[in-house]
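Per-entry structural report
Residues per chain, in single letters:
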Amino acid sequence: MEKEQVKAERKTLVLSLLAGLCGNATLAVLTSSYVTFSIFPVIAFGMALYCLYQEYLSKPMTEGTPAIAFSCFLVGVFGYSAFLRAQLPEMGSNFLPLMISLGLLFWVAYKMGIMKTPAKPAKA
């Protein structure tokens, strides 16, 4: 991706990360007995999905953005799962969700061009 495309698609990627985070939090609140009930993850999940949908309607996505946005969604899902399992060790190990989220983060950084080394100027 080019630098201009990265700046234009940053809002979509952040919203998809937030949607994944809030979606897993909503699922944990509604299904897990370890997590106390709160309405705020449900509200945040609905608002994140609404904003993501409005962003989708207002601007067309460039090539490659849907795959990166889905990866950001999965980073949010697995990141919250790892955080929740670190906070509540009786839920199980957080090793697998942490490794998956780190692997996806490295892939997203590679696809967005963050990990590329800058080109050296030619000597005259």
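Report follows, based on the coordinates. (Residues numbered from 1 in each chain as written. Predicted model: local features only at pLDDT ≥ 70, side-chain atom pairs only at ≥ 80, totals over all residues. Heavy atoms only, no water.)

1. Observations regarding helix 3 (residues 65-87)
The condition is simple: Strands are runs of DSSP state E lasting at least two residues, helices are runs of H or I lasting at least four, and both sets are numbered from the N terminus onward. Helix span, as expected, comes to 1.5 Å for every residue beyond the first. The classification of residues rests on relative accessible area computed with a 1.4 Å probe and restricted to protein chains. Under 20% of the type maximum is buried, over 50% is exposed, and intermediate values are partly exposed.
Taking 1.5 Å of rise per residue, the 23 residues of helix 3 would be expected to cover 33 Å, and the 32 Å separating its terminal C-alpha atoms lies within 8% of that figure. The set of residues buried in helix 3 consists of T65, I68, A69, S71, C72, V75, G76, V77, Y80, S81, A82 and L84.

2. Brief notes about the pattern of salt bridges
Condition: Any carboxyl oxygen of Asp or Glu that lies within 4 Å of a side-chain nitrogen of Lys or Arg is treated as forming a salt bridge with it.
The full count for this structure, using the stated rule, is two salt bridges. Here K59 ties to E55 by a salt bridge, and the two come within 3.0 Å at their closest N and O atoms. For E55, a relative accessible area of 7% translates into the label buried. The network of salt bridges with common partners includes K11, E55 and K59.

3. Comments concerning the packing of aromatic side chains
Keep this limit in mind: Whether two aromatic rings pair depends on their centres lying within 6.5 Å, for rings of Phe, Tyr and Trp, where Trp uses its six-membered ring; planes under 30 degrees apart make the pair stacked, over 60 edge-to-face, and the rest tilted.
Enumeration over the complete set of coordinates arrives at two aromatic pairs. Their ring planes at 15° and their centres at 6.4 Å tell us that F70 and F73 sit as a pair that is stacked. In this pair, F70 and F73 are both assigned in helix 3, three residues apart and thus about one turn of the helix distant. Overall, F73 belongs to the partly exposed group, its relative accessible area being 27%. A centroid spacing of 6.4 Å and a plane angle of 45° characterise the contact between Y80 and F83, whose relative ring orientation is tilted. With Y80 and F83 both in helix 3 and three residues apart, this pair spans about one turn of that helix. Owing to a relative accessible area of 16%, Y80 belongs among the buried residues under this scheme.

4. Topic: the environment of G79
Counting through the fold element by element, G79 comes out in helix 3. For G79, a relative accessible area of 29% corresponds to the partly exposed category. Separated by 32 residues in the primary sequence, G79 and M47 have C-alpha atoms spaced 20 Å apart.

5. Some remarks on helix 4 (residues 95-112)
Owing to its 3.6 residues per turn, the α-helix brings residues three or four apart onto one side. Note the cut-off: Each C-beta atom gives one direction from the helix axis, and the arc is the one those directions make.
When the terminal C-alpha atoms of helix 4 are compared, their 26 Å separation across 18 residues agrees well with the 26 Å that a helix rising 1.5 Å per residue should span. Buried within helix 4 are the following residues: P97, S101, L104, V108, A109 and M112. For helix 4, the angular spread of buried residues about the axis comes to 140°, placing them on one side. Across helix 4 from its buried face, at more than 90 degrees, point the exposed residues F95, L96, F106 and Y110. Looking one or two places after helix 4, you find G113, whose phi comes out positive at around 85°.

6. Examining the environment of A25
Secondary-structure assignment places A25 in helix 1 (residues 3-31). Exposure remark for A25: the relative accessible area of 10% places this residue in the buried category. Along the backbone, A25 and V42 are 17 residues apart, and their C-alpha atoms lie at a distance of 7.9 Å.

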